[in-house]
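Chain residues, written in single-letter form:
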Amino acid sequence: MTRTIPMVPGGAPGDVPVRCATVEDLARVRERLARVEGGHDNLREGLRNVSAQVSDLRRDLTRAMTETAEQTRREITERVDTITDTATARDTEISGRLARIEGGLKLTSWVTMTFIVLATGLLGWGQVGDAAWSFCRHAFGYGP
């Protein structure tokens, strides 16, 4: 227990008494201090553990996000490649159809032009023949 003694031995009755600790008091204070320091050490160790766990979590999240981003990028690239291949196949098919249609139009145009040229030529020769026949008839006196 603690004892109260005057500040100065034989001091005046109005002086403030000073409290002195006994050996037991000092032992209790030391014990409490050791517990506080031990708790402080435990808190420091716990903080280190939490910091390490947060660091591991950050690393794992970063790795997971990177892997997810790579997977998403691959999937998008595959989809774009598929769409590109489909579009290329359609373009090739459409180009083939247009080439066949164009070839058919060229053939039709050539046949039409040939027919027109032949018809014009025959009509022209017919007129030349008619004119020659009329001339001969007049020249030899067989026509009006």
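**Some details on the overall build of the chain**
Next, step 1: Counting its regular elements, the chain contains 1 helix and 2 strands.
Next, step 2: The linear arrangement of helices and strands in the chain, starting from the amino end, is β-β-α.
Next, step 3: By residue count, 1% of the 144 residues in the chain fall in the buried class.
Next, step 4: Accessible surface for the chain amounts to roughly 13,000 Å². Of this, 64% is attributable to carbon and sulfur atoms.

**Describing helix H1 (residues 23-139)**
Next, step 1: Compared with an ideal rise of 1.5 Å per residue, which puts 117 residues at 174 Å, H1 spans 168 Å between its outermost C-alpha atoms and is within 8% of the ideal.
Next, step 2: Residue glycine 141 follows H1 closely and has a positive phi angle near 80°.

**Examining a negative patch on the surface**
Next, step 1: Together, Glu75, Glu78, Asp81 and Asp85 give the surface a local cluster of negative charge.
Next, step 2: Topologically, glutamate 75 is positioned in helix H1.

**Description of the pattern of salt bridges**
When charged atoms on two side chains of opposite charge get close, those side chains can pair.
Next, step 1: One pass over the full model with this rule turns up 7 salt bridges.
Next, step 2: Glutamate 102 serves as the salt-bridge partner of lysine 106, at 3.5 Å between the closest nitrogen and oxygen. Residue lysine 106 and its partner glutamate 102 are both found in helix H1; the two are separated by 4 residues, about one turn of the helix.
Next, step 3: One network of salt bridges, in which partners are shared, links Asp56, Arg59, Asp60 and Arg63.

**What about the confidence of the model for the chain?**
Next, step 1: Mean pLDDT over the chain: 84, with 86% of residues reaching 70 or higher.
Next, step 2: Put simply, strand E1 (residues 3-5) is where the chain has its lowest mean pLDDT, 52, and H1 is where it has its highest, 89.

**Quick notes on a nonpolar patch on the surface**
Next, step 1: Residues Ile94, Leu98, Ile101 and Leu105 make up a contiguous nonpolar surface patch of roughly 410 Å² in combined accessible area.
Next, step 2: Summarising the element assignment, isoleucine 101 is placed in helix H1.
Next, step 3: Classification of isoleucine 101 by relative accessible area gives exposed; the value is 51%.

Rules and cut-offs
Residues numbered from 1 in each chain as written. Predicted model: local features only at pLDDT ≥ 70, side-chain atom pairs only at ≥ 80, totals over all residues. Heavy atoms only, no water. Helix = DSSP H or I, 4+ residues; strand = E, 2+ residues; numbered from the N terminus. Buried < 20%, exposed > 50% of the residue type's maximum accessible area, 1.4 Å probe, protein only. Areas by Shrake-Rupley, 256 points an atom, 1.4 Å probe, with all protein chains shown as cover. Expected span 1.5 Å × (residues − 1). Patch = residues over 30% accessible without salt bridge, like charges linked within 9 Å, V, L, I, M, F, W, Y side chains within 5 Å. Salt bridge = Lys/Arg side-chain N within 4 Å of Asp/Glu carboxyl O. Lys, Arg positive; Asp, Glu negative; His and termini not counted. Charge placed at Lys NZ, Arg CZ, Asp CG, Glu CD. pLDDT = per-residue confidence, 0-100.

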